[in-house]
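Below are the chains, spelled out letter by letter.
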Amino acid sequence: AAPRNPADYADFVRFVATRYAGKVSAWEVWNEENTSRFWPSGPSPSAYVPLLRAAYPVVKAADPAALVVFGGVSQNDYAYIEGAYAAGAKGYFDVMAVHPYPGPNPPESASYENGRMTPGSFAGFTEVREAMLARGDDKPIWLTEFGWSTTTTESWGVSPSQQADYLTRAYRLLEAYPYVHVAYWYNLRNNHWDNDADTWETQLGLMRTDFVKKPSYYAFKGYVPGAGPAYPVTPPPAPAQPSLSISPAETSPAGTAPRARRRATTTSISLTRRVGRTRARAASRRLARELVVSGRVTGARGGRVKIKLRHRDARGRWVRPRAHAVALSADGRFRLRLGFRRARWLLVRAVYPGSDTAAPSRSAPRRVRS
């Protein structure tokens, strides 16, 4: 379990980093913190990042040449890593680490969901890389654990010959990704404390508990980098990018340059009158107004649209824009409803983060006055 106080962990890291300065080349801060097994209180990027931020400076102070490695996450859990960036992880590690165990699937096998390679795919580290680059972080990735198990009783098992074959193919595949600097096979020997039990975790070794070598041992020993062609995983053709429009839709100008996100091509704000709820007598009803911003993200099946609005206060001053996140329906439609008394409204922009192209508005945002 994580320490209650990250400073206590920093004291421990300072001690060992000082003791082994010049002898240890890298320190990995925790292990599979995205699982309940190693983070019993429940995986939380915002809880892990303080540990990382506490450890990084004390390692650098004790041994400036040593690297600080982000705690290897189980699978290629890019959602957890993105959460860690949001919590302030950037700048507090030198290497990103993942544990891509693909079950019984070969290393070239990949599955996709919502346009992204799934975390359980061996090459899902490519999604981790994209998430890092999107945040301006061009750091190497290490596979601090990966492998295939020779268990015969669990669904994630492969035969000894398959284990050897997949090992060679995995290392050959990794040669196509120069940002993957290190890849540790887990592990050398079956878990000795389990006496070769026929379970997935125990049977990951290149040798049995009694040191009898599996075919994968010889495959590992005989692997020569560069002896064959490196073959990256080829993703399927990308689906058409979602496009966002605020009703009524208009055609965007031709030849628009690609940008990071798509903005609304037109703007439309509608006002509807409704009677507010009665809190006391019927005579106390007040006429309220409702601001409605609606539209559709063509081709999207989920996600959220960010709508930024601003209005004038009672003194006539423009208030800082406020962002509203609106969930999409199954067909990509969305509707934002806001009640108000008196105001002048300005729709600043609407953005769908799932897109990678943009089309500017033909006209200035529309103002609506109550």
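Rules and cut-offs
Residues numbered from 1 in each chain as written. Predicted model: local features only at pLDDT ≥ 70, side-chain atom pairs only at ≥ 80, totals over all residues. Heavy atoms only, no water. Helix = DSSP H or I, 4+ residues; strand = E, 2+ residues; numbered from the N terminus. Contact = heavy atoms within 4.5 Å. Areas by Shrake-Rupley, 256 points an atom, 1.4 Å probe, with all protein chains shown as cover. Buried < 20%, exposed > 50% of the residue type's maximum accessible area, 1.4 Å probe, protein only. Pairing = 2+ DSSP bridges. Right-handed = clockwise from strand over helix to strand, strands pointing away. Axes fitted to C-alpha atoms, helices over the stretch in contact; angles between N-to-C directions. Parallel < 35°, antiparallel > 145°, perpendicular 65-115°, else oblique. Left-handed = near helix turned anticlockwise from the far one by under 90°. Nonpolar A, V, L, I, M, F, W, Y, C, P; charged D, E, K, R; others polar. Core = buried A, V, L, I, M, F, W, Y, C linked by side-chain atoms within 4.5 Å. Salt bridge = Lys/Arg side-chain N within 4 Å of Asp/Glu carboxyl O. Expected span 1.5 Å × (residues − 1). Polar contact = N/O pair within 3.5 Å; in protein donor to acceptor, adjacent residues only side chain to side chain. Phe/Tyr/Trp six-rings, centres within 6.5 Å; stacked < 30°, edge-to-face > 60°. Lys NZ or Arg CZ within 6 Å of the ring centre and 35° of its normal.

Counting secondary structure elements, the chain contains six helices and 16 strands. Taking the contacts inside the chain whose residues are at least 6 apart along the sequence as the reference set, 68% of them involve residues at least 24 apart. Counting only carbon and sulfur atoms, one obtains 51% of the accessible surface of the chain, whose full area is about 20000 Å².

Bringing the environment of Trp 185 into the picture now. Along the chain, Trp 185 falls in strand S7 (residues 180-185). Judged by relative accessible area, Trp 185 falls into the buried class, the value being 10%. Linking Trp 185 and Tyr 171, residues 14 residues apart in sequence, is a C-alpha distance of 9.8 Å. Setting aside anything within four residues of it in sequence, one finds Trp 185 in contact with Phe 146, Gly 147, Trp 148, Gln 163, Leu 167, Tyr 171, Leu 204, Leu 206 and Phe 220.

Where burial is concerned, most of strand S6 (residues 141-146) is hidden: six out of the six residues are buried. Bridging between strand S3 (residues 96-99) and S6 involves three bridges; their strand directions are parallel. Following the sheet pairing, Val 98 is matched in S6 by Leu 143. Where S6 and S7 come together, four bridges link them in parallel fashion. The partner of Phe 146 across the bridge, within S7, is Trp 185. In this fold, the crossover linking S6 to S7 by way of helix H5 (residues 160-174) has right-handed handedness.

Remark: helix H2 (residues 45-62) packs on helix H3 (residues 78-86), axes separated minimally by 8 Å, with the N-to-C direction vectors making an angle of 60°. With respect to H3, the element H2 is oriented oblique. Crossing hand, H2 versus H3: right-handed. Residues Pro 45, Tyr 48 and Val 49 of H2 pack against Tyr 80, Gly 83 and Ala 84 of H3. By residue class, the composition of the contact of H2 with H3 is five nonpolar, one polar and no charged.

Ordered by their spatial adjacency, five strands build an open sheet running S1-S2-S3-S6-S7, and the pairing between neighbours is parallel. Two strands close off the open sheet at either side, each with one partner strand: strand S1 (26-31) and S7. Each strand of the sheet is rotated relative to its neighbour by a mean of 25°, with strand direction disregarded. Alignment of S1 against strand S2 (residues 67-74), held across five bridges, turns out to be parallel. Paired with Asn 31 across the two strands is Gly 72, which belongs to S2. Its contacts with the sheet put H5 on S6 and S7, and the angle it makes with S7 is roughly 170°.

Looking now at the nonpolar core. Counting residues in each nonpolar core, the largest one holds 60 residues, and the members touching the most others are Phe 70, Met 96, Phe 122, Phe 125, Leu 143, Phe 146 and Leu 174. With nine residues, the single largest contributor to this core is H2. If sequence neighbours within four positions are ignored, Phe 122 has contacts with Asn 76, Pro 100, Pro 102, Pro 107, Ser 109, Leu 143, Phe 146, Trp 148, Ala 170, Leu 173 and Leu 174.

Looking now at the pattern of salt bridges. Counted by the stated rule, this structure contains eleven salt bridges. Linking Asp 94 and Lys 60 is a salt bridge whose minimum nitrogen-to-oxygen distance equals 2.8 Å. Taken together, the residues Asp 94 in the loop between H3 and S3 and Lys 60 in helix H2 connect sequence positions 34 residues apart. Each member of the pair Asp 94 and Lys 60 is classed as buried. Here Asp 138 ties to Arg 129 by a salt bridge, and the two come within 2.8 Å at their closest N and O atoms.

In this structure, Asn 187 follows Tyr 186 across a cis peptide bond, with omega equal to 0°. Inspection of the secondary structure puts Asn 187 in the loop between S7 and helix H6 (215-222). We note that Asn 114 has phi near 55°; this positive angle belongs to a residue other than glycine. Counting through the fold element by element, Asn 114 comes out in the loop between strand S4 (112-113) and strand S5 (116-117). Classification of Asn 114 by relative accessible area gives exposed; the value is 75%. The backbone phi angle of Asn 195 is positive, close to 50°, even though this residue is not glycine.

Turning our attention to H5. Taking 1.5 Å as the rise per residue, H5 with 15 residues should run 21 Å; its terminal C-alpha atoms sit 21 Å apart, in good agreement. Within H5, burial applies to Gln 163, Ala 164, Tyr 166, Leu 167, Ala 170, Tyr 171, Arg 172, Leu 173 and Leu 174. Against the buried residues of H5 lie helix H4 (125-134), S6, S7 and H6.

Our next topic: the side chain of Gln 75. Position of Gln 75 among the secondary structure elements: in the loop between S2 and H3. Within the structure, Gln 75 has its side chain in polar contact with the backbone nitrogen of Tyr 101 (distance 3.0 Å).

Taken as a whole and assessed by the stated rule, the structure comprises 24 aromatic pairs. Their ring planes at 75° and their centres at 5.3 Å tell us that Phe 146 and Tyr 171 sit as a pair that is edge-to-face. In this pair, Phe 146 is assigned in strand S6 and Tyr 171 in helix H5, connecting sequence segments 25 residues apart. Accessibility classification places Phe 146 together with Tyr 171 in one group, the buried group. An aromatic cluster is built from Phe 122, Phe 125, Phe 146, Trp 148, Tyr 166, Tyr 171, Tyr 177, Tyr 179, Trp 185, Phe 220 and Tyr 223, whose rings are joined through pairwise contacts. Here Arg 129 stacks its cationic end above the ring of Tyr 179, 4.4 Å away from the centre of that ring. Lying across the ring of Tyr 217, Lys 213 places its NZ or CZ 5.2 Å from the centre.

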